[in-house]
Amino acid sequence: MLPPLKLTPLEEYMFFDDCPDYPMTGVFRLRFSGKLNFDAMDVAIQQTVERHPLVRSTVRDDAKHGYFWSVADSSTIKLERWTANPQNEYPVASFMDLKKEVGTRIWLVERSDANDLVAQIHHACTDALGMCLFIEDVLLSYAKIVGAIGSNIQLRPLDNQRMPLRNQFGLTWKKILRLIPKQILGLHVLGKFFLRNALPLGSPRQNTETEPVVFPSPMSLDFDTNTTSKILVAAKSKKVTVNDLLTRDLFLAINAWRSKNEPQQKKGWVRFFVPINHRVQADATLSAANIMSAVFLERHPGQLNDPELLLRSLHAQMQKVKRYQLGFLFIAAHALLSRLPRLRKRVICQGKCISSCVFSNIGVVFQHSPLPQQDGKLVIGDTTLDSIDFVAPLRPLTAAAFCVCTYAGRLSVNLHFDPRAISKLQAKDLLQTLSGKVHESLKIQHAE
């Protein structure tokens, strides 16, 4: 039996920073060619949620000891049906109150000759990489049920007795003491954060009657395998990461987009919220959970005139983040806020722009899956997983969330935009501007 699990400071923050207008939930869509078996998938989901307790949990408030997870029976999550239509290919998701219901919904979406599998999971329950682990287990269980793989292929072992350690990040007291001087050096970053606001993208719109607000509101930019290979080669030749390249091009794209769409807006700091994975080897047996922190990258328009200098500065900053493990400042800040609930409420409800956008790179997805593959795509019987979309949550005044992943040799950028601030045409223009900046960078690289 799983021991009582208290919410970690980060989980608490995500629990409180949640509201019907801005659900703190992520959405994960898998697009298949061919049809999936609804009943078999329903059984696979119930088998999988039995292995991952947080995705089937609610939150209970102990007046004396704080907030705890209350694990529900696995049968509480049932597979739902949805029929795609030209206006909305995603199921219309909604706010999930963790005090009253579990933080997971899953749909089988009917298309004319194929299916999508869509999962909505509360961010307090797990981060994006945890969602990947959960979904991979669903697919493996489903493949076993329909006889697409043999009994020799096993699901990875999980040890949920280690769940109380999910907030330790492999740290010992000795490691913490060694980290303290490095963290002190990074405190000036927090100082800047509190002294200046980030510039929001877009502006409150009055056209929500003609463009109804639905959740989620995603849009995707997909690079083919050839372009993806060129991006990898460009990063290697410049001795930077793919993340460095993409964040540089996104800064340039947002600057160009704002000049076109917001010419009257004041100049100011564009700030990215960038999640960081903190899983260590000992976490390999943990079920879906939040094992992450985050850092902020910000630049003023005056720092965006030289693309090469911008790339070098972003690379140097991220190397410093990794070397000094500055992501732990984010965790420490939430640990402090969890002890000061009034201050936490002020931070959540302060009404200022915390970040202009979210930028999250999940990396290569399902690369090491034991499922059969063809051209890098997972194959389950007569169905093939063609593509994957991630939709990250939005926050008030953070009107855009970019989520990057690579599957079957193709890099994709999934934009979740807030239609109350950015129109569908503006969102499309933003992705096209980013695509242009990426291809422009590759042309410059080829010329060199």
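Being a predicted model, the structure only gives us computed values, none of them experimental. (Residues numbered from 1 in each chain as written. Predicted model: local features only at pLDDT ≥ 70, side-chain atom pairs only at ≥ 80, totals over all residues. Heavy atoms only, no water.)

**Quick word on the overall build of the chain**
Counting its regular elements, the chain contains eleven helices and 16 strands. In summary, the chain has a C-alpha radius of gyration of 22 Å against a globular reference of 22 Å for 448 residues, a match within 12%. Taken along its principal axes, the extent of the C-alpha atoms in the chain is 60 × 55 × 50 Å. Out of the 448 residues in the chain, the part that is buried amounts to 53%. If you take every contact in the chain between residues at least 6 apart in sequence, the share linking residues at least 24 apart comes to 77%. Accessible surface, the chain as shown: approximately 20,800 Å² in total, 55% of it carbon and sulfur. (Helix = DSSP H or I, 4+ residues; strand = E, 2+ residues; numbered from the N terminus. Rg over C-alpha atoms; globule rule 2.2 N^0.38 Å. Buried < 20%, exposed > 50% of the residue type's maximum accessible area, 1.4 Å probe, protein only. Contact = heavy atoms within 4.5 Å. Areas by Shrake-Rupley, 256 points an atom, 1.4 Å probe, with all protein chains shown as cover.)

**A short note on the sheet that holds strand 3 (residues 57–62)**
The antiparallel open sheet is built from three strands, whose spatial order is 1-4-3. Among the strands making up the open sheet, the edge pair consists of strand 1 (5–6) and strand 3. Sheet topology note: the strand 1/strand 4 (residues 66–71) ladder contains two bridges and is antiparallel. Residue K6 lies in a different strand from strand 4, and its bridge partner there is F68. Along the sheet, helix 1 (residues 9–16) makes contact with strand 1, strand 3 and strand 4, crossing strand 4 at roughly 85°. (Pairing = 2+ DSSP bridges. Axes fitted to C-alpha atoms, helices over the stretch in contact; angles between N-to-C directions.)

**Regarding the pairing of strand 6 (residues 104–110)**
For strand 6, a buried count of five out of seven residues is recorded, marking the element as mostly surrounded by other parts of the structure. The sheet contact formed by strand 5 (residues 79–83) and strand 6 spans five bridges and is parallel. Looking at strand 6, one finds that T83 is bridged to E110. Note: strand 6 against strand 7 (residues 115–122), seven bridges, orientation antiparallel. Along strand 7, the bridge assignment pairs L108 with L117. Joining the antiparallel neighbours strand 6 and strand 7 is a turn of four residues.

**Focus: the packing of helix 2 (residues 38–51) against helix 3 (residues 128–145)**
In a packed pair of helices, the relevant descriptors are the angle between the two axes and the axis-to-axis distance. Where helix 2 contacts helix 3, the axes come no closer than 8 Å and their chain directions differ by 130°. In terms of their interaxial angle, helix 2 and helix 3 are classed as oblique. At the point where helix 2 passes helix 3, the crossing takes the right-handed sense. Contact residues: A40, M41, V43, A44, I45, Q47, T48, V49 and R51 in helix 2; F134, D137, V138, S141, Y142 and I145 in helix 3. Counted by class, the contact of helix 2 with helix 3 contains ten nonpolar, three polar and two charged residues. (Parallel < 35°, antiparallel > 145°, perpendicular 65-115°, else oblique. Left-handed = near helix turned anticlockwise from the far one by under 90°. Nonpolar A, V, L, I, M, F, W, Y, C, P; charged D, E, K, R; others polar.)

**Here's the deal with the sheet that holds strand 10 (residues 292–299)**
Taking strand neighbours across the sheet as the criterion, the six strands line up as 8-16-15-11-9-10 in an open arrangement whose pairing is mixed. Bordering the open sheet on either side are strand 8 (218–222) and strand 10, each of which pairs with just one other strand. Strand-to-strand, the axes of this sheet are offset by a mean angle of 20°, without reference to chain direction. As judged from the six bridges shared by strand 11 (residues 357–364) and strand 15 (residues 400–407), these two strands associate in the parallel manner. Directly across from G363, in strand 15, lies its bridge partner C405. With respect to the sheet, helix 7 (residues 242–261) is in contact with strand 9 (270–277), strand 10, strand 11, strand 15 and strand 16 (410–417), its orientation differing from that of strand 11 by roughly 150°.

**Regarding helix 6 (residues 225–238)**
For helix 6, spanning 14 residues, the distance from its first C-alpha to its last is 20 Å, which sits close to the expected 20 Å at 1.5 Å a residue. The set of residues buried in helix 6 consists of T227, T228, I231, A234, A235 and K238. Summarising the axial view, the buried residues of helix 6 lie within an arc of 120°, below the 170-degree limit, and thus occupy one face. Every exposed residue of helix 6 that faces more than 90 degrees away from the buried side is listed here: V233 and K236. (Expected span 1.5 Å × (residues − 1). Arc of directions from axis to C-beta.)

**A short note on unusual backbone geometry**
Residue F215 is joined to P216 through a cis peptide bond whose omega torsion reads 0°. Relative to the elements of secondary structure, P216 occurs in the loop between helix 5 (187–195) and strand 8. Positive phi is not limited to glycine here, since Q325 has a value of about 50°. By secondary structure assignment, the location of Q325 is in the loop between helix 8 (307–324) and helix 9 (327–339). We note that F366 has phi near 60°; this positive angle belongs to a residue other than glycine. Note that F366 resides in the loop between strand 11 and strand 12 (373–374).

**Quick notes on a nonpolar patch on the surface**
Taken together, the side chains of V43, I145 and V146 define a hydrophobic patch exposed on the protein surface, amounting to about 200 Å² of accessible area. In this structure, V146 sits in the loop between helix 3 and helix 4 (173–185). Taking relative accessible area as the criterion, V146 reaches 37% and is therefore assigned partly exposed. (Patch = residues over 30% accessible without salt bridge, like charges linked within 9 Å, V, L, I, M, F, W, Y side chains within 5 Å. Salt bridge = Lys/Arg side-chain N within 4 Å of Asp/Glu carboxyl O.)

**What to know about empty space enclosed by the protein**
The full count for this structure, using the stated rule, is one cavity of 30 Å³ or more. Reported here for the largest cavity is a volume of approximately 60 Å³. Elements that contribute at least two residues to the lining of the largest cavity include exactly helix 6, helix 7 and helix 11 (424–447). Looking at the lining of the largest cavity residue by residue, the class counts come to six nonpolar, two polar and three charged. (1 Å grid on protein atoms, 1.4 Å probe; cavity = no way out; pocket = protein on both sides within 12 Å on 5 of 7 lines; lining within 4 Å. Points joined across faces, edges and corners; volume = space filled by probe spheres on them.)

**Some points on the packing of aromatic side chains**
A complete count under the given rule lists eight aromatic pairs for this structure. An angle of 65° between the planes, with centres 4.3 Å apart, marks the rings of F28 and F390 as edge-to-face. Placement of the pair is F28 in strand 2 (residues 25–33) and F390 in strand 14 (residues 383–391), with a sequence separation of 362 residues. Each member of the pair F28 and F390 is classed as buried. The ring of F296 is capped by R271, whose NZ or CZ atom sits 5.9 Å from the centre of that ring. The positively charged end of R420 is found above the aromatic ring belonging to Y22, 4.2 Å away from the centroid. (Phe/Tyr/Trp six-rings, centres within 6.5 Å; stacked < 30°, edge-to-face > 60°. Lys NZ or Arg CZ within 6 Å of the ring centre and 35° of its normal.)

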